[in-house]
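Summary of the model geometry
What follows is the residue order along each chain.
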Amino acid sequence: MKMRTAIVGLGKMGLLHASILSTFPNIQIVALCDKSKLITKFAKKIFEKIKIVNSVELLRDFDLDVIYVTTPIPSHFKIVEMVYSYGIAHNVFVEKTLASSSVEASKLCQLAQTSDGAHMVGYERRYAVTFNKAQELIHQGVIGDLISFKAYAYSSDFIGLKDEKAVKVSASRGGLLRDLCAHAVDLALWYFGDLRVISSELKCKHNTGFEDAVKFTVRGVDDLKGCIEASWCMEGYRMPEAGLTIEGSKGVLHVSDDKVEFRNTAGSLIKWHRHDLKDDVEFLLGAPEYYRESKHFIESAVKGSSREPSFFTASKVEQIIDQVKKS
Amino acid sequence: MLILVGDNPFHGVSHLSQERARVRGDAVTTPEYAADLVMISLENGADGFMFSVSETTLSILRILGEKDVANGLRLYAITPAAAEIARLMGSEGGMEETAKRFARQMVTLGNFGAAFKGLKGAILMDPGSLLKSFVSYEISRIKSSAAKEAILDSVMLHEIVTDMGLALNLQWLFNLYIDFMLGLGIKPGFETRNFAFLVNRFREWNINLREIMIAAPFNKVGFQMNPSKVECEQALASLPEPNVVAISILAAGYLDLSEAAKYIKSLSNLKGFAVGVSREKHARETFEFLKERL
């Protein structure tokens, strides 16, 4: 029997997830939801066999098994709260970040606990072959005892934007920390466990109160020292990129979306590109990690168990972001 | 075998790593330099140019026309320039804002015919009319930029559109696009990263595979050949005639030319292939070598 599924938010991420899910044999997309009149009118013409609605409340009538929330970040809390409160679906996937604050994230974790379904947040890089290879190398002790790391997330999205537009777009995307930096934070938490913020520096290039670049230092287990940086005004990043450089007692590991490199203390370099890491998927759209992410989420929905990053795991990103804002 | 120059380097794209694209620097993304690379490629064995429709590539076409090298030049256009649109969606603040920006552009650039049809499509909320007007707009941009002697062989839907349409089972979109393009006398094409899936779907939908062109990755290491290299090769072998242009034959720079050429030669049902180049020497050597070997 197919799982009845709805997508809320018909932007690029909503369409991407709808497309990938449509290739799964055990999924039936029954409803799409967007508050834009223009988009819903068009969607009705395009998707003849799928119901299109403009309000989350209307999804109560669809007897859903699975829901994907792919709206802009500032709306996540209200929508996910509604999904659980109204019992719209018990398996809930939310694009990152889970919410707009650690308080909101904590409330959503409590709501998720009241449901027996799966929950997951879309930090897709956890399903990228390069980041998985790096995690494997860390866990195997290849780089030795961890000494320090630098995590980054860069894009060129805001280069050339006028102040007024930068403010508007930044707000709609939830700000730099949530929109872009969250990827670097999630990867650091995944690799190193709990972190605490020591100091931070937020740069507001457009002089508007919205952050354009951020740099902060953290401490982890066994006094691991870390630095996390993000900017969406970085030259040369036509596509957003995240990565880490990790110094260990046996060498230095660098990982990004494209490759993993390990240079040991003797100076030998080993390099893996995506090509070397079995990056095939059944259906490729955007990047292979999106397919794997949804595959794992749907498998966990079938089994009634959660896969990482669960709401609880993702709420740790919110805690770090709140610490950066307060420090 | 049809040999095409690809345009990825001209947009600062490297599928091997973004770092590699950054190291190449900005020179390759300037239309004058890129046009020189296309010319060198043509002089050394390339038959045509495969490109995403963008301001950069349209400028390249204009320069090629001015330098009188367009005679017999075969063009394979890919639209929309989806990476650029995805970037615009990030900087414009969403789907609706991006759509409005495109509409403004269509009017500002004076393509009133396409804009009128587009407006009609928008008023009637008719995605089919909008698709046709957008494609007409793109074709008019190409034709007004390229010299008259250049031949627009095919206009291909970008992989994002093709693959979303395949996944979402939008048979009407493919039928409409094919009929519209055939009506214009231009071969309808589809770029895809899911070649085997596309061939299966098109057979289910009874789409005549002889009437279309397909651009899909084919390389020795199976890079971006989904769901697997073997299934893509089997799907290729099953086609009624060679209508596939292989892309990513160097697996984004992972393979060397001789490895790539050996693999491409082993495939029996290819119409041709496209390769991007980023330096003059690279252009000369690449196309000389490939022309000789393939």
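Source: prediction; values computed, not measured. (Residues numbered from 1 in each chain as written. Chains lettered and ligands numbered in written order. Predicted model: local features only at pLDDT ≥ 70, side-chain atom pairs only at ≥ 80, totals over all residues.)

**A few points about the overall build of chain A**
Within chain A, the secondary structure is distributed over nine helices and 14 strands. On C-alpha atoms alone, chain A measures out to a radius of gyration of 20 Å, which is about the 20 Å that the 2.2 N^0.38 rule sets for 327 residues. Burial statistics for chain A: of 327 residues in total, 53% are counted as buried. Pairs at least 24 residues apart make up 70% of the contacts formed inside chain A by residues separated by at least 6 positions. (Helix = DSSP H or I, 4+ residues; strand = E, 2+ residues; numbered from the N terminus. Rg over C-alpha atoms; globule rule 2.2 N^0.38 Å. Buried ≥ 20, exposed ≤ 12 C-beta atoms within 10 Å, placed from the backbone. Contact = placed C-beta atoms within 7 Å.)

**Remarks on the interface of chain B and chain A**
Taken together, the contact between chain B and chain A spans 35 residues of the former and 37 residues of the latter. Of all the secondary structure elements, the ones that give two or more residues to the side of chain B that touches chain A are α1 (18–24), α4 (82–92), α5 (95–108) and α8 (159–167) of chain B. Sorting elements by how many residues they give to the side of chain B that touches chain A places α4 of chain B first, with five residues.

**Some words on the sheet that holds strand β3 (residues 74–79) of chain B**
Backbone-to-backbone hydrogen bonds pair the strands of a sheet. The strands run either parallel or antiparallel. Residue and element names in this part refer to chain B. An order of β1-β2-β3-β4-β5-β6-β7-β8 is seen for the eight strands of this closed barrel, with the pairing classed as parallel. Within the sheet, the average angular offset between the axes of one strand and its neighbour, ignoring direction, is 25 degrees. When strand β2 (residues 48–52) meets β3, the two strands line up parallel, connected through five bridges. Looking at the pairing, Phe51 lines up with Ala77 of β3. (Pairing = 2+ DSSP bridges. Axes fitted to C-alpha atoms, helices over the stretch in contact; angles between N-to-C directions.)

**Topic: the sheet that holds strand β6 (residues 119–122) of chain A**
Residue and element names in this part refer to chain A. Judged by pairing direction, the sheet is parallel, and its six strands sit side by side in the order β3-β2-β1-β4-β5-β6 without closing on themselves. Pairing within the sheet leaves two strands with one partner each, and these edge strands are β3 (51–53) and β6. The mean inter-strand angle of the sheet, taken between neighbouring strand axes irrespective of direction, is 20 degrees.

**Re the domain arrangement of chain A**
Residues and elements named next belong to chain A. What the domain assignment lists for chain A is domain 1 (3–124 + 291–311) and domain 2 (129–275). Of note, the centres of domain 1 and domain 2, computed from C-alpha atoms alone, are 27 Å apart. Counting residues at the interface gives eight residues for domain 1, matched by eight residues for domain 2. The residue makeup of the side of domain 1 that touches domain 2, split by class, is five nonpolar, two polar and one charged. (Domains from an automatic or database assignment. Nonpolar A, V, L, I, M, F, W, Y, C, P; charged D, E, K, R; others polar.)

**Concerning the environment of Phe287 of chain B**
All names here are of chain B. In this fold, Phe287 is placed in helix α13 (residues 280–293). Here Phe287 falls in the buried class, since 23 other C-beta atoms lie within 10 Å of it. The sequence separation of Phe287 and Phe180 amounts to 107 residues, and the corresponding C-alpha distance is 34 Å. In this structure, Phe287 is in contact with Ile3, Ser41, Asn44, Gly45 and Ala46, ignoring residues within four places of it in sequence.

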